[in-house]
Amino acid sequence: MTIKTLKERVARAIDEHSEQILEASRKIFSQPELGYKEHHTTQIAIDLFESLGLEVESPIAVTGCRTVLNPQQSGPSVAILAELDAIMVHEHPLADPSGVVHACGHNIQMGGLFGAVIALMVSGVLEHLDGRVVVMTTPAEEFVELEYRQQLREAGEIEFFGGKQELIRRGYFEDIDISMMFHALDLGEKAALVGPVSNGFIGKKVRYIGKSSHAGSAPEEGINALNAATLGMMNIQAQRETFKDRDRVRVHPIITKGGDIVNVIPSDVRMEAYVRARTIEGMIDANEKVNRALKAGAYAVGADIEITEIPGYLPILRTDSLDELFKQNVEALGFAGEVIDGGDFTGSFDFGDLSHLMPALHPMIGGVRGALHTKEFAVIDEQKAILMPAKAMAFTIIDLLFDHAAQAEAILESFTPLMNRESYLQFMQQISKTISERHMS
Ligand SMILES: [Zn+2]
Ligand SMILES: [Zn+2]
């Protein structure tokens, strides 16, 4: 048996099951669900995996499921992941009545995952691989609905707002050596982009507490929380020139509550913000400056302030050897010269957290048009967007685990993780805190 024969078998299986794979992806598109609410989407995955004779564990973090394709096998474990959740874009023509829609293409990843799983299961290639293939459908990649997630947290259902963070905490990656997934992206005519790097972030909720008074007859008796917030935002602007270009800092606060009623001096003003940067050090540096800026606003007018820090996602780190394998596989599928090497993203992905713990592969795949999270986002070529990466992922697993898993072992040998689960959780818990300063007597 050669690698070439195994890959041919897998590709044939995906072609033979293409309608089933695409149908499953379309079905997920037609029932979009936000993070930690993906019950229908998880069920679609469970049904498909069980139809292949697999034993499925679910839920794994409120929703989501996990299965091992060849549990009896020893050797390195490779996890193949796909994200379950949709996003909210009201203007999207295919959004549901509440505005929820798969405008980040996670249904595409799910289709690709299904393709890879079906192919590995029905083609008989698993018995020629010397390592385990673990499959996880992961909840809540989009960092949204913070109030809802806060409630889940208070009810003890989750600790972290991001699905992969929560799965790491729950130990679902403890027996995993390498993780991989793909994400859709408009690449024009190109087929794929390997080795994207991205920003990490810290999320925060800010509350300024002042003192209400009649805005017309006695403003001097009040403490204006909106003035404090306005100053806080201006102070952040004054920090921007201190951010290093290479840290790619992004700070984007919004006011979510500006006061109660116009003729009363605002006493309760709320903001949300992300502080993003390319490195953990950059994130922490910018975050300290932003907190100082926010606190100075409260100090200036004598208001109180409460800042709740929420750990966001870590930057994605690339594993060159995995990127190279995946690139070769995409090229072998008829896309020579159509793979971009490297990409700079100042947004964030929760897969970044995994890349601090193990070798990780997160290519971006074309076949779609329109920017992520916009009304323009749509699949234009299902073959390229779903079936091609299904094959390339399965091929990459074959490369890694064939012949005593020699390639996987070599990658693991030369890889030093920046964190382990313990230091990761410690870092996350360190960020998670509430800072308050009182100036009102
Ligand atoms: Zn997204
Ligand atoms: Zn996404």
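Residues numbered from 1 in each chain as written. Chains lettered and ligands numbered in written order. Predicted model: local features only at pLDDT ≥ 70, side-chain atom pairs only at ≥ 80, totals over all residues. Heavy atoms only, no water.

Student: I would appreciate a short explanation of the pairing of strand β13 (residues 268–277) in the present structure.
Tutor: The side chains of a regular strand alternate, first on one face of the sheet and then on the other. Counting buried residues along β13, eight of its ten residues qualify, which places the element largely inside the surrounding structure. In terms of strand pairing, strand β10 (residues 200–209) meets β13 through ten bridges, oriented antiparallel. From the neighbouring strand, I202 faces β13, where its bridge partner is V275. The sheet contact formed by strand β11 (residues 250–251) and β13 spans two bridges and is antiparallel. Each bridged residue has a counterpart across the sheet, and for R250 the counterpart in β13 is R276. (Buried < 20%, exposed > 50% of the residue type's maximum accessible area, 1.4 Å probe, protein only. Helix = DSSP H or I, 4+ residues; strand = E, 2+ residues; numbered from the N terminus. Pairing = 2+ DSSP bridges.)

Student: Quick question: what am I supposed to make of the packing of helix α2 (residues 18–30) against helix α11 (residues 382–413) here?
Tutor: Helix packing for two helices is described by the angle between their axes and how far apart those axes are. α11 packs onto α2 with a crossing angle of 110° between their chain directions and a minimal axis gap of 11 Å. As summarised for this structure, α2 and α11 are arranged roughly perpendicular, according to the angle between their axes. Residues S18, I21, L22, S25 and R26 of α2 form the contact with α11, whose participating residues are E382, I386 and L387. Each residue belonging to the contact of α2 with α11 can be placed in one class, and the counts come to four nonpolar, two polar and two charged. (Axes fitted to C-alpha atoms, helices over the stretch in contact; angles between N-to-C directions. Parallel < 35°, antiparallel > 145°, perpendicular 65-115°, else oblique. Contact = heavy atoms within 4.5 Å. Nonpolar A, V, L, I, M, F, W, Y, C, P; charged D, E, K, R; others polar.)

Student: Sorry, what's going on with unusual backbone geometry here?
Tutor: Peptide bonds are mostly trans, and most non-glycine residues show a negative phi. Of the consecutive residues S58 and P59, the connecting peptide bond is found in the cis state with omega at -5°. Relative to the helices and strands, P59 resides in the loop between β1 (56–57) and β2 (65–68). Even without glycine at this site, Y36 takes up a positive phi of about 60°. Looking at the secondary structure, you find Y36 in the loop between α2 and α3 (39–51).

Student: What is the right way to look at the side chain of S77 in this model?
Tutor: As for its placement among the helices and strands, S77 is situated in strand β3 (residues 77–83). Looking at S77, the relative accessible area reads 3%, which means it is buried. Sequence-distant contacts of S77, defined by excluding residues within four places in its chain, comprise R132, V134, D175, I176, D177 and I178.

Student: How should I be thinking about the coordination of the zinc ion (ligand 2) in this particular structure?
Tutor: Around the zinc ion (ligand 2), the protein supplies C104 (SG), H106 (NE2) and H183 (NE2) as donor atoms, at distances of 2.1 to 2.3 Å. Read N to C, the donor residues that coordinate the zinc ion (ligand 2) are spaced as C-x1-H-x76-H. The metal-metal distance between the zinc ion (ligand 2) and the zinc ion (ligand 1) comes to 3.1 Å, with C104 coordinating both. In this pair, C104 is assigned in the loop between β5 (100–101) and α4 (106–122) and H183 in strand β8 (residues 183–184), connecting sequence segments 79 residues apart. (Donors = N, O, S within 2.8 Å, 3.2 Å for Na, K, Ca; no water.)

Student: Sorry, what's going on with the pattern of salt bridges here?
Tutor: When the charged atoms of two side chains lie near each other, side chains of opposite charge can form a pair. The full count for this structure, using the stated rule, is 30 salt bridges. R278 is the salt-bridge partner of D344, the closest N and O atoms lying 2.9 Å from each other. One end of the pair, D344, is in strand β15 (residues 339–345); the other, R278, is in the loop between β13 and α8 (280–301), with 66 residues separating them in the sequence. Look at D344 and you get partly exposed, because its relative accessible area is 44%. For R278, a relative accessible area of 15% gives the class buried. A salt bridge links E376 to K375, with the shortest nitrogen-to-oxygen separation between them at 3.1 Å. Here K375 falls in the partly exposed class, since its relative accessible area comes to 43%. A single salt-bridge network, built from bridges that share partners, covers R207, K257, D260, D268 and R270. (Salt bridge = Lys/Arg side-chain N within 4 Å of Asp/Glu carboxyl O.)

Student: Explain the domain arrangement of the protein to me, please; I cannot follow it from the model alone.
Tutor: Accessible area lost during the coming together of the parts is what is often quoted as the interface size. Under the domain assignment, the protein is made up of domain 1 (3–198 + 315–424) and domain 2 (200–313). Domain 1 puts 24 residues into the contact, and the matching count from domain 2 is 17 residues. A buried area of about 1600 Å², summed over both sides, lies between domain 1 and domain 2, and 56% of it is on carbon and sulfur atoms. Contact with domain 2 buries area across many residues of domain 1, yet F143, P315 and T346 alone supply 38% of it, more than any other trio. Viewed at the interface, domain 2 and domain 1 are joined by three salt bridges. Between K205 and E147 there is a salt bridge, and its shortest N-O distance comes to 3.4 Å. Where domain 1 meets domain 2, there are nine residue pairs in polar contact (both at pLDDT 80 or more). Of all the elements in the fold, those that place two or more residues in the side of domain 1 that touches domain 2 are α5 (146–154), β9 (192–198) and β15. (Domains from an automatic or database assignment. Buried area = accessible area lost by both parts, 1.4 Å probe. Polar contact = N/O pair within 3.5 Å; in protein donor to acceptor, adjacent residues only side chain to side chain.)

Student: Is there a simple way to explain the coordination of the zinc ion (ligand 1) in this structure?
Tutor: At this site the zinc ion (ligand 1) is bound by C104 (SG), E142 (OE), E142 (OE) and H373 (NE2), with donor distances of 2.0 to 2.7 Å. Note that the zinc ion (ligand 1) binds four donor atoms; their angles at the metal cover 52 to 152°, and the shape is irregular. Each donor residue of the zinc ion (ligand 1) lies on one chain, and together they are spaced C-x37-E-x230-H. The buried category is assigned to C104, whose relative accessible area is 6%. (Tetrahedral: all angles 85-135°; square planar, octahedral: opposite > 155°, others 65-115°.)

Student: In this structure, what is going on with the sheet that holds strand β16 (residues 360–361)? I would like to understand it.
Tutor: Backbone hydrogen bonds are what pair the strands of a sheet, in a parallel or an antiparallel way. Taken in spatial order, the six strands line up as β1-β2-β6-β3-β7-β16 in an open sheet, and their pairing is mixed. Each having just a single partner strand, β1 and β16 make up the two edges of the open sheet. Strands in contact with α4 are β3 and β6 (132–138); relative to β3, the strand with the most contacts, it is inclined by about 145°.

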